[in-house]
Amino acid sequence: MKHYIIAKYNASVTDKEALLPRIREIFSVASQIPGVHGAEVRPNCVARDNRYDVMIVIEMEKDALPAYDVSEMHHLWKDEFTPLLEKKAIFDHE
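Residues numbered from 1 in each chain as written. Predicted model: local features only at pLDDT ≥ 70, side-chain atom pairs only at ≥ 80, totals over all residues. Heavy atoms only, no water.

1. A word on the pairing of strand β1 (residues 2–9)
Cut-off, in case you're wondering: A simple rule labels every residue: compare its accessible area, found with a 1.4 Å probe on the protein chains alone, to the largest value its type can have, and call it buried under 20%, exposed over 50%, or partly exposed in between. Numbering of helices and strands starts at the N terminus; helices are DSSP runs of H or I of at least 4 residues and strands are runs of E of at least 2. Two strands pair if DSSP finds at least two bridges between them.
Burial within β1 is extensive, with six of its eight residues counted as buried. The sheet contact formed by β1 and strand β3 (residues 54–60) spans six bridges and is antiparallel. Its bridge partner being in β3, A7 is matched across the sheet by V54.

2. Observations regarding the nonpolar core
Rules: We define the nonpolar core as a collection of buried residues of types Ala, Val, Leu, Ile, Met, Phe, Trp, Tyr and Cys that are connected through side-chain atoms lying within 4.5 Å of one another. Any two residues having at least one pair of non-hydrogen atoms within 4.5 Å are treated as being in contact.
The biggest cluster of nonpolar side chains holds 24 residues, and the ones touching the most others in it are I23, F27, I56, I58, Y68 and W77. With near-sequence residues (within four places) excluded, Y68 lies in contact with H3, I5, F27, I33, I58, M60, M73 and H74.

3. With respect to the sheet that holds strand β2 (residues 36–43)
To be explicit about the condition: Geometry is summarised by axes, namely lines fitted to C-alpha atoms with helices restricted to the contacting stretch, and by angles between N-to-C directions that run from 0 to 180 degrees.
Taken together, the four strands give an open sheet; going across it, the order is β2-β3-β1-β4, and neighbouring strands pair in antiparallel fashion. Each edge of the sheet is formed by a strand with only one pairing partner; in this case those strands are β2 and β4 (85–93). Neighbour to neighbour, the strand axes of the sheet diverge by 15° on average, direction disregarded. Packing of helix α1 (residues 16–27) onto the sheet brings it into contact with β1, β2 and β3, and relative to β2 it is tilted by some 180°.

4. Observations regarding helix α3 (residues 72–81)
How we decide: Regarding the arc, it is the one traced by the directions from the helix axis to the C-beta atoms.
Every buried residue belonging to α3 is among M73, H74, W77 and F81, and all of these are buried. Projected down its long axis, α3 carries its buried residues within an arc of 105°, all on one side. Of the exposed residues in α3, the ones pointing more than 90 degrees away from its buried face are E72 and D79. Lining the buried residues of α3 we find β1, α1, β3, α2 (65–69) and β4.

5. Section: the packing of α1 against α3
For the record, the criterion: Note on angle classes: values under 35 degrees are labelled roughly parallel, values over 145 roughly antiparallel, values of 65 to 115 roughly perpendicular, and the remainder oblique. Three classes are used: nonpolar for Ala, Val, Leu, Ile, Met, Phe, Trp, Tyr, Cys and Pro, charged for Asp, Glu, Lys and Arg, and polar for all others, with Gly counted as polar.
Orientation of α1 relative to α3, taken along the N-to-C sense of each, is 155°, at an axis distance of 9 Å. For the element pair α1 / α3, the angle class is roughly antiparallel. In this structure, α1 contributes L19, R22, I23, I26 and F27 to the contact, and α3 contributes M73, L76, W77, E80 and F81. In the contact of α1 with α3, the residues fall into eight nonpolar, no polar and two charged.

6. Here we look at the packing of aromatic side chains
Applied cut-off: Any pair of Phe, Tyr and Trp rings, taking the six-membered ring for Trp, is counted once the centres come within 6.5 Å. Such a pair is stacked with planes under 30 degrees apart, edge-to-face with planes over 60 apart, and tilted for the rest.
With the rule as written, the count across this model stands at three aromatic pairs. Both rings, one in Y4 and one in F91, keep their centres 6.2 Å apart while their planes meet at 50°; by these two values the pair is tilted. Here Y4, found in strand β1, pairs with F91, found in strand β4; they are 87 residues apart in sequence, far enough to count as distant. Y4 gets classed as buried once you look at its relative accessible area, which sits at 16%. Centre to centre, the rings of W77 and F81 are 5.0 Å apart; their planes meet at 20°, and the pair counts as stacked. Here W77 and its partner F81 are both found in helix α3, four residues apart, which amounts to about one turn of the helix. Residues W77 and F81 agree in their burial class; the two are buried.

Below you can see the structure in the form of structure tokens.
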């Protein structure tokens, strides 16, 4: 399945591009989680207030979601980036 994290930064973020290397670094180890095949980080290409800023697409087996949820990678993302987010959406599909 594909697991999507779609996030919008809050007003404290003034340089969205500067955050991309760290997000990519965090998710670069995704395939080390059993059942997770990799992750891509895609920034939004249209700068409008009603757009989200970044989309993270994680390719994984459906039954790998619990291992992903407790992974160090996932907690690092949440710990570092939750304070920078206004909102996020999570979407999964097969």
